[in-house]
Each structure stands twice: as structure tokens, then as C-alpha cells.
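Secondary and tertiary structure notes
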Amino acid sequence: MAMAWMQGLATGVTLIDEQHRNLFQKVNALLDACRRGSGKDEISQVLDFLADYTITHFRAEEGLMTLHKYPGIVAHKGLHAVFIGNIEKLRAQFEKEGASPHVIISTNQVVVDWLMDHIRIEDSKVGALLRSKGVD
Ligand SMILES: [Fe+2]
């Protein structure tokens, strides 16, 4: 199942929304590579792209939160850190098992479900604060 962008996920802040869409593309590239039965090297590479982009995106989001004094920044940063740790665990699982059904299920839970919930629940609060300060 591909990760589909929907309007309900928009924070209303252009930079964040664009980066979220890019993130979805990278997650879908990972799921595609697993589905196609791509080799371990290719999947590791896609996973690297995803991990790198996630870090870039979290930095940008955290920068905006700092600049505009988002009150929940410490907790939000903590959530980002947990997610990065989970991606690292997923990477280790891939190294060991390749794209096993177990790893694909973890990808769906660890990456897809988490991102959807995080964007809908947490990033929407950040978006609301940023928009109230005139960021669009
Ligand atoms: Fe976030």
C-alpha cells in the first residue's frame, strides 16, 4: 500500500507541507523497492535516502519551532529522536533479513503509521502556531 497524501495532512505551512510530500515519496520508493523484490543493496540505499531526508526535514521543522517559540518543542523533538532511532533499528533489520515480510510489516508500522499520526496530531499543532505568527 502506498502512502497517499491527503489534504487533511496539510499544516498550511508551505515548507513543511512540501517536505512532508517529499517524505511520502521516499517512503513509497522504499515500499516499492521491497515489493519489487529489489536487492539488499538497493533497498539499503533507498533507506539511506529516507533516513537522510528525515533528518533534514526534522531539522527544518525544529528550526521553525525554535524561531517561533513553539511551546511544545522539547516533547516534539523527543518524538523526532525516537523516530530516527526506529529508522536505525529498521536499517539494522534490513541488513540482517533483507526485505522479509517481517521487515515490510515493520516498515508499515514504524514509518507509515507513525508519520501519518505524527503529521496529523503533532505537526498540525506546530502548523497552527506558525500560521498564527504569520508563517505560511
Ligand atoms: Fe514533526
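Residues numbered from 1 in each chain as written. Predicted model: local features only at pLDDT ≥ 70, side-chain atom pairs only at ≥ 80, totals over all residues. Heavy atoms only, no water.

Here the idea is simple: oppositely charged side chains can pair when their charged atoms come close. Summed over the entire model, instances satisfying the criterion amount to six salt bridges. Linking Arg120 and Asp117 is a salt bridge whose minimum nitrogen-to-oxygen distance equals 3.0 Å. Taken as a pair, Arg120 and Asp117 lie in helix 4 (residues 101-132) at a separation of three residues, close to a single helical turn. For Asp117, a relative accessible area of 37% corresponds to the partly exposed category. It is possible to trace a salt-bridge network through shared partners that takes in Asp48, Glu88 and Arg91. (Salt bridge = Lys/Arg side-chain N within 4 Å of Asp/Glu carboxyl O. Helix = DSSP H or I, 4+ residues; strand = E, 2+ residues; numbered from the N terminus. Buried < 20%, exposed > 50% of the residue type's maximum accessible area, 1.4 Å probe, protein only.)

Attention shifts here to helix 1 (residues 14-35). Taking 1.5 Å per residue, 22 residues should reach 32 Å; helix 1 reaches 31 Å between its end C-alpha atoms and fits that length. Buried within helix 1 we find Ile16, Asp17, Gln19, His20, Leu23, Phe24, Val27, Asn28, Leu30, Leu31, Ala33 and Cys34. Considering only its buried residues, helix 1 is in contact with helix 2 (40-67), helix 3 (73-97) and helix 4. Positive backbone phi, approximately 70°, marks Gly37, located one or two places after helix 1. (Expected span 1.5 Å × (residues − 1). Contact = heavy atoms within 4.5 Å.)

On to the packing of helix 2 against helix 4. Between helix 2 and helix 4, the shortest axis-to-axis distance is 11 Å and the interhelical angle comes to 20°. The orientation of helix 2 relative to helix 4 falls into the category roughly parallel. The interaxial crossing formed by helix 2 with helix 4 has left-handed handedness. Contact residues: Leu50, Phe58, Glu61, Leu64 and Met65 in helix 2; Val111, Trp114, His118, Asp123, Val126 and Leu130 in helix 4. (Axes fitted to C-alpha atoms, helices over the stretch in contact; angles between N-to-C directions. Parallel < 35°, antiparallel > 145°, perpendicular 65-115°, else oblique. Left-handed = near helix turned anticlockwise from the far one by under 90°.)

Glancing now at the nonpolar core. Ranked by size, the top nonpolar core spans 27 residues in total, and within it Val27, Leu30, Leu50, Phe94, Val111 and Leu115 carry the most contacts. Contributing elements (two or more residues each) for this core: helix 1, helix 2, helix 3 and helix 4. Not counting residues up to four positions away in its chain, the partners in contact with Leu50 are Leu23, Lys26, Val27, Leu30, Ile87 and Val111. One finds Ile16, Leu64, Ile73 and Leu130 within the second-largest nonpolar core, a separate group that totals ten residues. (Core = buried A, V, L, I, M, F, W, Y, C linked by side-chain atoms within 4.5 Å.)

To continue, consider the packing of helix 2 against helix 3. For the pair helix 2 and helix 3, the least separation of the axes is 11 Å and the interaxial angle reads 175°. In terms of axis orientation, helix 2 runs roughly antiparallel to helix 3.

Okay, the environment of Leu79 next. By secondary structure assignment, the location of Leu79 is in helix 3. Taking the relative accessible area as the measure of exposure, Leu79 reaches 31% and is therefore partly exposed. For the pair Leu79 and Glu122, spaced 43 residues apart in sequence, the C-alpha separation works out to 9.4 Å. When neighbours within four sequence positions are excluded, Leu79 is seen to be in contact with Trp114, His118 and Glu122.

For helix 3, which comprises 25 residues, the first-to-last C-alpha distance of 36 Å matches the rise-based estimate of 36 Å (1.5 Å per residue) to within 8%. When we look at burial in helix 3, the residues that qualify are Ile73, His76, His80, Phe83, Ile87, Leu90, Gln93 and Phe94. Its buried side turned inward, helix 3 meets helix 1, helix 2 and helix 4. Directly after helix 3, the chain includes Gly98, whose backbone phi takes a positive value near 65°.

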